[in-house]
Amino acid sequence: MSKAIIIGGGIIGLFSAYYLNKSGWEVEILEQGDLTDNASFGNAGMIVPSHFIPLAAPGMIEQGFRWMFNSKSPFYVKPSLNPELIGWGLKFLKAANKQHVERSATALRDLSLLSKKLYTDLEQDADFDFGFADKGILMLFKTSKFEDEERHTAEKAISLGLDAQYLTADECRKLQPDIELDVLGAVHYHCDAHLYPNKLMVALVNHLEKAGVRIHRNTPVTKIEHIDGKITRAISNDKSFMADTYVMAGGAWTPAIAKLAGLNIPLMPGKGYSFMVDEPQHRMTIPALLCEARVSVTPMNGQIRFGGTMEIGKINQQVNMNRVAGIVESIPQYFPDFTPALPRQKDIWFGFRPCSPDGLPYIGLSDKYKNLAVATGHGMMGLSLAPATGKLIDEVMNSTLPSASISQFSPNRY
Ligand SMILES: Cc1cc2nc3c(=O)[nH]c(=O)nc-3n(C[C@H](O)[C@H](O)[C@H](O)COP(=O)(O)OP(=O)(O)OC[C@H]3O[C@@H](n4cnc5c(N)ncnc54)[C@H](O)[C@@H]3O)c2cc1C
């Protein structure tokens, strides 16, 4: 039996372990934390084939500059002379064009649809209960500017074969009768779904441990050794771990892990916040994205989770209450009778999206090391794309035909 070591126990590392274990590999996961928190826990739980436009897209730069001067804005790049940020920014600028968006759309759609199918299959497995609901998501807009943008994106989605439907304000109200709405309309992406990520993470860890995957918690990889184009061991302080093949799935920390092996994987952490609200009388049954505010609203586990903001900068543990206030203040603009209080700092979750400069994930084998695969850079879509990523990692490591094209996701593209 071949053995694989996976560095990082987020949703991407766990799904890589899941498919490798299924196809007969002996698998060990090395995780620096205790697997009770990382970006994969507090996210908005949306499975989004509708997101076929990468973050690096025309319009983002202009919008980003405008938002930089608003302390409550949903997008912020912390100005800094950090060479990693400068290099990332230049690559982002280069990628943010129409051709890149066109080229990426089909590849992202296929990856997302594969993932959604795998989630649907997983739900049939008795070991897994993760609040999966196949109700789509609503892109709610209030202004004609966003109506135009959303209509245009929906037309493109339909031309890509995705199930999207334009709704007037009245149609939105009929669909969500238990909550007052102040919107101009919405696009309902029936192709999307949602789940409860915290429950999924726990179910995956339990399943993997039962299935024989060894998970080493509190085991940060601090050194990687290699000889003749092959990784030979991963070292965590005084312990060393050896396998036939290694997978780097360290999320926003991957650049630091890659550096241990002399590799360059450009990535910046994109910090986001979320919090849960108890408002059963205002139950939304269908998750929504509030377009102008860039806020996510997801019913999960009997509560509603609000999420948002993207702060591109270094990994840090501070909670920026101004940005959380920005999320809170946007809620009644769309749901006038819903005015949640600013949560206490201790009730605010934050996590770091691993953002590649071109908005595409890194999935595939390294050119530099024959026995290394990379699985990261999923940005805003890591939960959504995780099962497909895990399956593709298993396929490339078994040298079988991949279930979806990965040519655009090469980890060697920079
Ligand atoms: C507010 C918010 C909302 C979001 N909403 C959605 C959504 O609705 N849908 C969606 O698809 N995505 C969403 N995302 C994005 C999604 O959460 C991420 O893309 C995804 O969780 C990334 O998973 P990962 O496994 O790559 O990283 P992580 O979950 O961060 O896991 C990486 C792991 O690697 C470990 N690690 C790091 N360094 C080392 C080391 N040296 N040795 C060992 N282990 C190490 C870390 O401790 C961590 O556990 C959202 C993100 C945020 C912040």
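Going by the structure above, here's the rest.
Residues numbered from 1 in each chain as written. Predicted model: local features only at pLDDT ≥ 70, side-chain atom pairs only at ≥ 80, totals over all residues. Heavy atoms only, no water.

Asks: For this particular structure, what's the right way to read helix α9 (residues 321-334)?
Replies: Three- or four-residue spacings in an α-helix give side chains the same orientation, since the helix completes a turn every 3.6 residues. Taking 1.5 Å of rise per residue, 14 residues should cover 20 Å, and α9 covers 21 Å from first to last C-alpha, within 8% of that figure. Every buried residue of α9 is listed here: Arg-323, Val-324, Ala-325, Gly-326, Ile-327, Val-328, Ser-330, Ile-331 and Tyr-334. Between the side-chain oxygen at the start of α9 and the backbone nitrogen of Asn-322 there is a gap of 3.1 Å, and the oxygen is on Asn-320. (Helix = DSSP H or I, 4+ residues; strand = E, 2+ residues; numbered from the N terminus. Expected span 1.5 Å × (residues − 1). Buried < 20%, exposed > 50% of the residue type's maximum accessible area, 1.4 Å probe, protein only. Polar contact = N/O pair within 3.5 Å; in protein donor to acceptor, adjacent residues only side chain to side chain.)

Asks: How do you make sense of unusual backbone geometry when you look at a structure like this?
Replies: Trans is the common state for peptide bonds, and a negative phi is the common state for residues other than glycine. The backbone of Asn-218 sits at a positive phi, close to 50 degrees, despite the residue not being glycine. Relative to the elements of secondary structure, Asn-218 occurs in the loop between β9 (214-216) and β10 (223-227). Of note, Asn-237 is a non-glycine position whose phi angle comes to about 50 degrees, a positive value. Among the secondary structure elements, Asn-237 is positioned in the loop between β11 (230-236) and β12 (239-241). Look at Asn-237 and you get exposed, because its relative accessible area is 54%.

Asks: In this structure, what is going on with the pattern of salt bridges? I would like to understand it.
Replies: Where side chains of opposite charge bring their charged atoms close, a pairing between them can arise. In the structure shown here, the tally under the stated rule is 19 salt bridges. A salt bridge links Glu-102 to Lys-156, with the nearest nitrogen and oxygen atoms 3.4 Å apart. Separated by 54 residues along the polypeptide, Glu-102 in helix α4 (residues 98-123) and Lys-156 in helix α5 (residues 144-159) bring together distant segments of the chain. When the shortest N-O distance is used, the salt bridge between Asp-121 and Lys-117 registers 2.8 Å. Placement of the pair is Asp-121 and Lys-117 together in helix α4, with a separation of four residues, close to one helical turn. Lys-117 sits in the partly exposed class, given a relative accessible area of 49%. (Salt bridge = Lys/Arg side-chain N within 4 Å of Asp/Glu carboxyl O.)

Asks: I keep staring at the pairing of strand β20 (residues 372-376) and nothing clicks. Help me out?
Replies: Residues in a regular strand project their side chains so that they alternate between the two faces of the sheet. Counting buried positions along β20 gives five out of five residues, so the element sits mostly inside the fold. The alternating pattern of β20 places Leu-372, Val-374 and Thr-376 on one face and Ala-373 and Ala-375 on the opposite face, and all of these are buried. Examined bridge by bridge, strand β13 (residues 245-248) and β20 share three bridges and lie parallel to one another. Looking across to β20, one finds that Tyr-246 is bridged to Leu-372. Note: strand β19 (residues 362-365) against β20, four bridges, orientation antiparallel. Note on β20: the bridge partner recorded for Gly-364 is Val-374. (Pairing = 2+ DSSP bridges.)

Asks: In this structure, what is going on with a nonpolar patch on the surface? I would like to understand it.
Replies: The grouping of Leu-81, Ile-86, Leu-90 and Leu-93 at the surface amounts to a nonpolar patch, some 440 Å² of accessible area in total. Topologically, Ile-86 is positioned in helix α3 (residues 83-95). A residue is classified by how much of its surface remains accessible, and Ile-86, at 40% relative accessible area, is partly exposed. (Patch = residues over 30% accessible without salt bridge, like charges linked within 9 Å, V, L, I, M, F, W, Y side chains within 5 Å. Areas by Shrake-Rupley, 256 points an atom, 1.4 Å probe, with all protein chains shown as cover.)

Asks: What is the right way to look at the side chain of Arg-305 in this model?
Replies: Along the chain, the position of Arg-305 falls in strand β17 (residues 303-312). Looking at Arg-305, its side chain comes within polar contact range of the main-chain oxygen of Phe-41, at 3.1 Å. A distance of 3.4 Å separates a polar side-chain atom of Arg-305 from the backbone oxygen of Gly-42.

Asks: Looking at this structure, how should I read the site of the ligand?
Replies: In the vicinity of the ligand lie 36 residues, with Glu-31, Ser-40, Met-46, Gly-379 and Ser-384 positioned nearest. Here Ser-384 contributes a backbone N or O atom positioned 2.6 Å from an oxygen atom of the ligand. Considered on its own, the ligand offers 990 Å² of accessible surface; in the complex 96% of this is hidden by protein. Elements represented by at least two residues in the shell around the ligand include exactly α1 (11-22), β14 (268-277), β18 (349-355) and α10 (382-397). Here the shell around the ligand gets four residues from one element, more than from any other, and that element is β18. Split by residue class, the shell around the ligand holds 18 nonpolar, 16 polar and two charged. (Near = heavy atom within 4 Å. Nonpolar A, V, L, I, M, F, W, Y, C, P; charged D, E, K, R; others polar.)

Asks: Looking at this structure, I do not really get the environment of Met-1. What am I missing?
Replies: Considering the arrangement of structural elements, one finds Met-1 in the segment before β1 (3-7). Discounting chain neighbours no more than four positions away, the residues touching Met-1 are Gly-24, Trp-25, Glu-26 and Asp-244. (Contact = heavy atoms within 4.5 Å.)

Asks: Can you help me understand the packing of aromatic side chains in this one?
Replies: When we look at a pair of aromatic rings, we describe it by the centre distance and by the angle of the planes. Counting across every chain of the model gives 15 aromatic pairs. Ring plane angle 25 degrees and centroid distance 5.4 Å describe the contact between Trp-88 and Phe-92, whose orientation is recorded as stacked. One end of the pair is Trp-88 and the other is Phe-92, both in helix α3 and four residues apart, which spans about a single turn. Using a relative accessible area of 7% as the deciding quantity, one classes Phe-92 as buried. Connected via pairs of aromatic rings, a cluster forms that spans Phe-15, Tyr-18, Tyr-19, Tyr-119, Phe-128, Phe-130 and Phe-132. One cation-aromatic arrangement involves Arg-151 over Tyr-166; the distance from NZ or CZ to the ring centre is 3.7 Å. Lys-271 extends its terminal NZ or CZ atom over the ring of Phe-350, reaching a point 4.8 Å from the ring centre. (Phe/Tyr/Trp six-rings, centres within 6.5 Å; stacked < 30°, edge-to-face > 60°. Lys NZ or Arg CZ within 6 Å of the ring centre and 35° of its normal.)

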